[in-house]
Amino acid sequence: MDAKTFGYLYYKTRDYLRADIIREARLTEEEYDFYEENLKLVLEEIYRDRVISENIGGDFVRLTRYIYDRISDQESGKTRPDAIKTRSGEIVSLPAVGAIEHSSMSLSQAISQRRSLRKYAPGELSAEELSWLLWSCSWARDFRSNERMEITLRNVPSAGARHPFECYLMVRKVKGIKPGLYYYHPVKHCLVLINENSEVFAKIEDGCFNQEMVTNAPVTFIWTAVPYRTAWRYGQRGYRYLYLDAGHVGQNLHLAAEAIEGGACMIGAYLDELMNEILEVDGVNEFVIYIAAVGKKQEK
Ligand SMILES: Cc1cc2nc3c(=O)[nH]c(=O)nc-3n(C[C@H](O)[C@H](O)[C@H](O)COP(=O)(O)O)c2cc1C
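Residues numbered from 1 in each chain as written. Predicted model: local features only at pLDDT ≥ 70, side-chain atom pairs only at ≥ 80, totals over all residues. Heavy atoms only, no water.

A. Molecular detail of the site of the ligand. Every residue near the ligand is listed here: R114, R115, S116, R118, Q211, M213, C265, M266, I267, G268, A269 and Y290. Residue R118 places a side-chain N or O atom 2.9 Å away from an oxygen atom belonging to the ligand. A distance of 2.7 Å is found between a nitrogen atom of the ligand and a side-chain nitrogen or oxygen belonging to Q211. A total of 620 Å² of accessible area belongs to the ligand in isolation, and the protein chains cover 53% of it. If you tally residues by element for the shell around the ligand, the top one is strand β8 (residues 262–267), at 3 residues. For the shell around the ligand, the per-class residue count stands at 6 nonpolar, 3 polar and 3 charged. (Near = heavy atom within 4 Å. Polar contact = N/O pair within 3.5 Å; in protein donor to acceptor, adjacent residues only side chain to side chain. Areas by Shrake-Rupley, 256 points an atom, 1.4 Å probe, with all protein chains shown as cover. Helix = DSSP H or I, 4+ residues; strand = E, 2+ residues; numbered from the N terminus. Nonpolar A, V, L, I, M, F, W, Y, C, P; charged D, E, K, R; others polar.)

Right, dumping it as C-alpha cells:
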C-alpha cells in the first residue's frame, strides 16, 4: 500500500467528505474516483475487521495469559526454527566491534541525558560509530546451533534467548558505505546490500509518514520480528514477548547513541503494509516491529 492509498482509506474510514479527502490525502480528482471504484472490497474488509478487533487489546492479553496445559511446538518436538535468516546480496564489511574510541561518558549521564532526537547534524556517521550502534542492540556475541535448538546471545535480553528480530538499515550518510537499504548479519557483523535504488528512500519516508527524523537521519534502523522463533517455544504468549524484547533493543540503541554524542528517535507510527513490502517480508512470518532514526547532535 502506498501513502496515497493509505490517505484515501484513512480519511474515508473517518467519514471525511470527498473534497476533504482529496485535500488531506493530496489526491487528484481522478485518483479519488479511481480509489472509489477500486477500493470497495478493501473498505469492506476494514469495516469487517473493525468489528472483529473492537476489543482486540483486551482479548490479546486475556488469550495470551499463561496457560499451563498447552504443549508448545518445542515441547512436542517440532523442528526448531533458525536463529537468523539469510539474505543474499553484496556483502559490506563493518569495522570490528570495539574498534571505536569510547568516550568517557558514564552510564548515569547517558541515561539521564537521553531524549528523543529528531534533528541531526548534517555530516556523516563513521562506520565505527555504526558498528558501535549495531553492537549495542543487534549484534550476536554468540551463536549456538544443534538439531534441537539454535540461539544467538546478544547485548539485549530476550525471552528464552529466542531473539526474534532481524535488523535492516536505511543508510543515508555513513562514511565509506554507499547509500541504500541493507540487512545486518548479527553473527558475521556485516551488511548485505538489498536495495540501492534511490526510490527506496522515498518509499521508506512515505512508510514512516514522512516524519522529519526519517527524512534527515544518517541511518534508520528497521527491525522485523520473526514471530515463530518465539512462538515455537511459547505459543501465542510469545507474541507478548516480541514487544517486550523490542523495548530493550530500542533502549540500548538510545543509550549507545548518547555515548557518541548522538541521539535516536524511536518510531511506532509507520505504514505496516508498505514497510513490509519494501523489506520484501510477508507481514505474517516476518513483519516490521520497530523503527529508529539515529544521528549526531547538532552543534549548539
Ligand atoms: C514505542 C514508541 C513509539 C514511538 N513512536 C514515535 C513516532 O512514531 N514518532 C515520534 O516522533 N516519536 C515517537 N516516539 C518517541 C516518543 O514520542 C518519545 O519517547 C516521548 O515523547 C518522550 O520523549 P523523550 O524520548 O525525549 O523522553 C516513540 C517512542 C516509543 C517508545
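Once you've had a look at it, read on.
B. Representation of the sheet that holds strand β5 (residues 180–185). In spatial order, the strands read β1-β6-β5-β4-β7-β9-β8; together these 7 strands make up an open sheet with antiparallel pairing. Lying at the two open borders of the sheet, with one neighbouring strand each, are β1 (90–93) and β8. The mean inter-strand angle of the sheet, taken between neighbouring strand axes irrespective of direction, is 30°. One ladder, built from 7 bridges, connects strand β4 (residues 165–171) with strand β7 (residues 219–225); its direction is antiparallel. When the bridges of β7 are listed, C167 appears paired with W223. (Pairing = 2+ DSSP bridges. Axes fitted to C-alpha atoms, helices over the stretch in contact; angles between N-to-C directions.)

C. Structural detail: the environment of P186. Turning to its location among the elements, P186 is positioned in the loop between β5 and β6 (190–195). Placed 44 residues apart in sequence, P186 and D142 show a C-alpha to C-alpha distance of 9.5 Å. Contact partners of P186, with chain neighbours within four places excluded, come to I84, S138, W139, A140 and R154. (Contact = heavy atoms within 4.5 Å.)

D. Layout of the pattern of salt bridges. Enumeration over the complete set of coordinates arrives at 20 salt bridges. A salt bridge links K4 to E31; its shortest N-O distance comes to 3.0 Å. Pair noted here: K4 is in helix α1 (residues 3–12) and E31 is in helix α3 (residues 29–38), with a separation of 27 residues, a long-range link. Classification of K4 by relative accessible area gives partly exposed; the value is 29%. Here E31 falls in the partly exposed class, since its relative accessible area comes to 25%. We note a salt bridge from D142 to R144, for which the minimum N-O separation is 3.0 Å. In this structure D142 comes out as partly exposed when scored by relative accessible area, which is 28%. Among the charged side chains, a network of salt bridges with common partners joins R18, E29 and D33. (Salt bridge = Lys/Arg side-chain N within 4 Å of Asp/Glu carboxyl O. Buried < 20%, exposed > 50% of the residue type's maximum accessible area, 1.4 Å probe, protein only.)

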